[in-house]
Amino acid sequence: MGFSFRNGTDATLFISFGYFNLLCRPTTFVKTGWYRVDPGQTRQVWSGFVGGQTFYYYAEDAFGRRWAGQFFTQVPSTPYRWCWDTGCSTCRTVGFRGIRLGLLVANFTLTLTAIRSASKSTGPVALPSRGISSLRKIPTGMPGKKQVGRPLLGGRTSNRLWLPKK
């Protein structure tokens with residue numbers, strides 16, 4: 001059981017994701033990254049039951065494609081695990097997309113792809129963003145829900161696509 005990303009593109013992806021965590025206040029979400037996912041590879045980032053959870057994700061590749069959304073936060077270029085509101089002077093602001101999973105979902109893989117294939121899809125597919133709205137949203141907590149899984153923090157790396165200027 002868990003939450004995974006599959007790279008359905010022809011380029012290496014660097015992915016960050018966010019999840020609910022009551023220890024972070026006032027925004028009860030944690031963000032973590034960067035997970036390197038090579039073409040055709042699947043990387044599990046969450047272990048345990050995922051039903052009823054909301055996850056947030058941001059991904060990019062060397063061709064400038066971004067899988068982004070309207071939930072903005074700051075991220076560094078190095079591996080990190082921070083509360084949603086944490087930032088730094090060398091960070092950049094990116095927008096995460098949200099995905100809410102049904103209550104009965106035990107295991108979920110999201111395939112990130114550049115174009116939708118003419119063949120039948122084997123699961124949920126996320127296409128790159130066309131543009132990011134200037135509208136800023138903040139993830140909202142899930143009162144009464146308890147965390148029933150845990151992030152897998154191994155295998156994270158620096159995001160070589162973006163390094164801060166010295």
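Residues numbered from 1 in each chain as written. Predicted model: local features only at pLDDT ≥ 70, side-chain atom pairs only at ≥ 80, totals over all residues. Heavy atoms only, no water.

As recorded in an unreviewed UniProt entry, the protein goes by the name DUF1036 domain-containing protein, listed as coming from Paenibacillus violae.

So, about the state of the cysteines. Going through the model one piece at a time under the given rule, you end up with two disulfides. Cys24 shares a disulfide with Cys83; S-S distance 2.0 Å. Between Cys24 and Cys83 the sulfur-sulfur dihedral comes to about -80°; the bridge is accordingly left-handed. Of this pair, Cys24 sits in the loop between β2 (13-20) and β3 (29-37) while Cys83 sits in strand β8 (residues 80-83); the two residues are 59 residues apart in sequence, bridging distant segments of the chain. Classification of Cys83 as partly exposed rests on a relative accessible area of 30%. Across the disulfide, Cys88 is cross-linked to Cys91 (sulfur-sulfur distance 2.0 Å). The disulfide joining Cys88 to Cys91 has a torsion of about 105° about its S-S bond and is therefore right-handed. The exposure class assigned to Cys88 is partly exposed, which follows from its relative accessible area of 27%. With a relative accessible area of 14%, Cys91 lands in the buried category. (Disulfide = S-S within 2.5 Å. Helix = DSSP H or I, 4+ residues; strand = E, 2+ residues; numbered from the N terminus. Buried < 20%, exposed > 50% of the residue type's maximum accessible area, 1.4 Å probe, protein only.)

Our next topic: the side chain of Arg43. Considering the arrangement of structural elements, one finds Arg43 in strand β4 (residues 42-48). Of the polar contacts made by the side chain of Arg43, one reaches the backbone oxygen of Arg36; its length is 3.1 Å. (Polar contact = N/O pair within 3.5 Å; in protein donor to acceptor, adjacent residues only side chain to side chain.)

What follows is about the pattern of salt bridges. Applying the stated criterion across every chain, the model contains five salt bridges. Residues participating in the shared-partner salt-bridge network are Asp10, Asp61 and Arg65. (Salt bridge = Lys/Arg side-chain N within 4 Å of Asp/Glu carboxyl O.)

The subject of this paragraph is the packing of aromatic side chains. Under the counting rule described, the total for this entry stands at 19 aromatic pairs. Aromatic side chains Phe17 and Phe55 sit 6.2 Å apart centroid to centroid with 40° between the ring planes, which places their arrangement in the tilted category. Remark: Phe55 occurs in strand β5 (residues 54-61) and Phe17 occurs in strand β2; sequence separation between them is 38 residues. For the pair Phe17 and Phe55, a shared accessibility class is recorded, and that class is buried. (Phe/Tyr/Trp six-rings, centres within 6.5 Å; stacked < 30°, edge-to-face > 60°.)

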